[in-house]
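The chain contents come next:
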Amino acid sequence: MPLHIRDDGVASWLVLRHQPPPAQGCPWPFVRRQAPAFSTASTIEWLTALRSAGLEFLLPEAYFARLKSRAPGQPAVNPAALLKHDIHHDFRRVVRMAEREAEAGISAVYFMMDHHELNAGFWGLDYTWRELRRIQDMGHQIGLHVDTFELILRYGDLMTGLKVFKQVFEDQGLSIIAANAHGNTKLGKRTGLRPMDFFSGLSRAAPPQPTELEQHVRRYTLGEVGKAGIHYWLDAAFMKMGPRFSATIM
Ligand SMILES: [Zn+2]
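Residues numbered from 1 in each chain as written. Predicted model: local features only at pLDDT ≥ 70, side-chain atom pairs only at ≥ 80, totals over all residues.

## Considerations on the pairing of strand β4 (residues 80-87)
- Extensive coverage of β4 is indicated by the burial of eight of its eight residues.
- Residues Ala-80, Leu-82, Lys-84 and Asp-86 of β4 are buried on one face, and the alternating residues Ala-81, Leu-83, His-85 and Ile-87, pointing to the opposite face, are buried as well.
- For strand β3 (residues 56-57) and β4, the ladder comprises two bridges, and the chain directions are parallel. What sits directly across from Phe-57, in β4, is Ala-81.
- As paired strands, β4 and strand β5 (residues 109-113) are joined by four bridges and run parallel to one another. Note that in β5 the partner of Ile-87 across the bridge is Met-112.
- What joins β4 to β5 is helix α3 (residues 91-103), and the crossover it makes is right-handed. (Buried ≥ 20, exposed ≤ 12 C-beta atoms within 10 Å, placed from the backbone. Helix = DSSP H or I, 4+ residues; strand = E, 2+ residues; numbered from the N terminus. Pairing = 2+ DSSP bridges. Right-handed = clockwise from strand over helix to strand, strands pointing away.)

Structure follows, in structure tokens:
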């Protein structure tokens, strides 16, 4: 559950992956990486403390508008955060988290994958679509958690895959304007590629291993993604690089 906070031009991240909230105090900006085990309750407690301290949790459009409205170099008068969750295997926990956040006046983006070995237990069920719509109705936003490797292999073309993926969600009444990338460690290791190496201008790929994915390296652009109606690509790596990537409305 990465939390992105920009304050006075400084981008910071808190990444809670099975990690506890800070023991005391909630100064921002900051980056913490801590040891295992956080519960939904302790995370909500920590987010609520941030909210009570004046930090607003905004959805992308409002968040980036807030960033743009701030004079460069000026301190944050109304500090804001963009909170995102990547949905992998534990959907019931996601629903609980969304409910608790909504009760605390906190909005977040929940990124859901296309069908995948990680979500095979709940993908496509009526229950899942209903709960995703309910999460959206709580004031959160649903985004696409994109396994670029899988989409290319499945559809033969990343943009084709992305458009199909988006349409499936929209047909279920979900409004999709944001996406981010899933780190596929298995295929990443085998091919020597990172999830965003398929995008021109964003690839850090050394010459890739000769694989079926080789011809897709740097073949796509975020501009194409924008034309497909996905206006925010919210990856931690890009947001660290600054609003040029994170706030690009394409
Ligand atoms: Zn992921």
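## A short note on helix α1 (residues 40-52)
- Helix length check: α1, at 13 residues, gives a terminal C-alpha distance of 18 Å against a target of 18 Å (1.5 Å per residue), a fit within 8%.
- Residues of α1 that are buried: Ile-44, Leu-47 and Leu-50. All buried residues of α1 fall inside an arc of 120 degrees around its axis, so they share one side. Residues Ala-41 and Ser-52 are exposed on α1 and point more than 90 degrees away from its buried face.
- Where α1 is buried, its residues touch α3.
- Just past α1, the residue Gly-54 takes up positive phi, approximately 110 degrees. (Expected span 1.5 Å × (residues − 1). Arc of directions from axis to C-beta. Contact = placed C-beta atoms within 7 Å.)

## Considerations on helix α2 (residues 60-69)
- Burial in α2 covers these residues: Pro-60, Tyr-63 and Phe-64. Here the buried residues of α2 occupy an arc of 90 degrees about the axis, which is enough to place them on one side. Of the exposed residues in α2, those oriented more than 90 degrees away from the buried face are Ala-65 and Ser-69.
- Where the residues of α2 are buried, they touch β4, β5, β7 (178-181) and β8 (232-233).

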